[in-house]
Number of protein chains: 2
Amino acid sequence: MDETATILAANQAFYDAHEQRDITAMDKLWQHSDDIVCTHPGWPTLRGRATVMESWARIFSGPGRTQFILTDIHVVVRAETAWVTLSENIVDRAATGSVAATNVFVRTDDGWSISLHHGSPVMGP
Amino acid sequence: MDETATILAANQAFYDAHEQRDITAMDKLWQHSDDIVCTHPGWPTLRGRATVMESWARIFSGPGRTQFILTDIHVVVRAETAWVTLSENIVDRAATGSVAATNVFVRTDDGWSISLHHGSPVMGP
């Protein structure tokens, strides 16, 4: 696979882990560094491995299941770093809506790992 | 200045340009590339130089003036790329609030330029 395809596969794995509520897979996808940063929609920014992974565990243990239809996916690759921006079109029991997302990946010995996720609610017109 | 200080100065210049509604300064701060991406709080993601700069022109021509008190500023530098994450504590005529922000910078011939800005409203507890 070329670089962009590899990054897109890592990005898709992130949403697969979320849909499947697979905390082990989610943990593996993130960079093993306390530099990691995660901003869930409407949340303040979370930093560091323990805090970020705890937030995923809480989200995965909550009610409802989330399905994502990902659209408008764009990748920028710059040496050992890449960022994917996209729309997360969310379908769950409670609501539907769109989240604008930025996912920053870094190349590590394990391949491309997530270093930053930022999701923000898109308000209606 | 060391690398981190230079990046923090570029980050501060971004907020200075916003506070001063200085579209020329804002234009200069962004990378000269159609890869640039900007997500204003509550907005869908905007892409490309013309679209992003038009959004700033619209914001700067709107009512009210925005002042930022920036807190919890963290920088990650990785070769030719860096990202700054912070809280924008916003004071304007209409409202106060907090925005979680991610700013991705790339090193260019002009120094560190903004390639991506993502701001999201932090909801109250």
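Now for a description of the structure that goes with this document. (Residues numbered from 1 in each chain as written. Chains lettered and ligands numbered in written order. Predicted model: local features only at pLDDT ≥ 70, side-chain atom pairs only at ≥ 80, totals over all residues. Heavy atoms only, no water.)

**Considerations on the packing of helix H1 (residues 3–19) of chain A against helix H3 (residues 49–61) of chain A**
All names here are of chain A.
Item 1. Running from N to C, H1 and H3 cross one another at 50 degrees; their axes reach a closest spacing of 10 Å. Here H1 is positioned oblique relative to H3, judged by the angle of their axes. Along its contact with H1, which presents Phe14, Ala17 and His18, the element H3 presents Trp56, Ile59 and Phe60.
Item 2. Residue composition of the contact of H1 with H3, grouped by class: 5 nonpolar, 1 polar and no charged. (Axes fitted to C-alpha atoms, helices over the stretch in contact; angles between N-to-C directions. Helix = DSSP H or I, 4+ residues; strand = E, 2+ residues; numbered from the N terminus. Parallel < 35°, antiparallel > 145°, perpendicular 65-115°, else oblique. Contact = heavy atoms within 4.5 Å. Nonpolar A, V, L, I, M, F, W, Y, C, P; charged D, E, K, R; others polar.)

**A short note on the interface of chain A and chain B**
Item 1. Between chain A and chain B, the contact holds 32 residues from the first and 32 residues from the second.
Item 2. Summing both sides of the interface, chain A and chain B together bury roughly 2,500 Å²; the carbon and sulfur share of this comes to 56%.
Item 3. On the chain A side of the contact with chain B, Arg47(A), Arg78(A) and Trp83(A) bury the most area, a combined 24% of that side's loss.
Item 4. Counting across the interface, chain A meets chain B through 2 salt bridges.
Item 5. Among the salt bridges present, the one from Asp72(A) reaches Arg47(B), with a minimum N-O distance of 3.4 Å.
Item 6. The tally of links between chain A and chain B comes to 16 residue pairs in polar contact (both at pLDDT 80 or more).
Item 7. Looking at the side of chain A that touches chain B, the elements that each hand over two or more residues are strand S1 (37–39), strand S3 (66–78), strand S4 (81–92), strand S5 (96–108) and strand S6 (111–121) of chain A. (Buried area = accessible area lost by both parts, 1.4 Å probe. Salt bridge = Lys/Arg side-chain N within 4 Å of Asp/Glu carboxyl O. Polar contact = N/O pair within 3.5 Å; in protein donor to acceptor, adjacent residues only side chain to side chain.)

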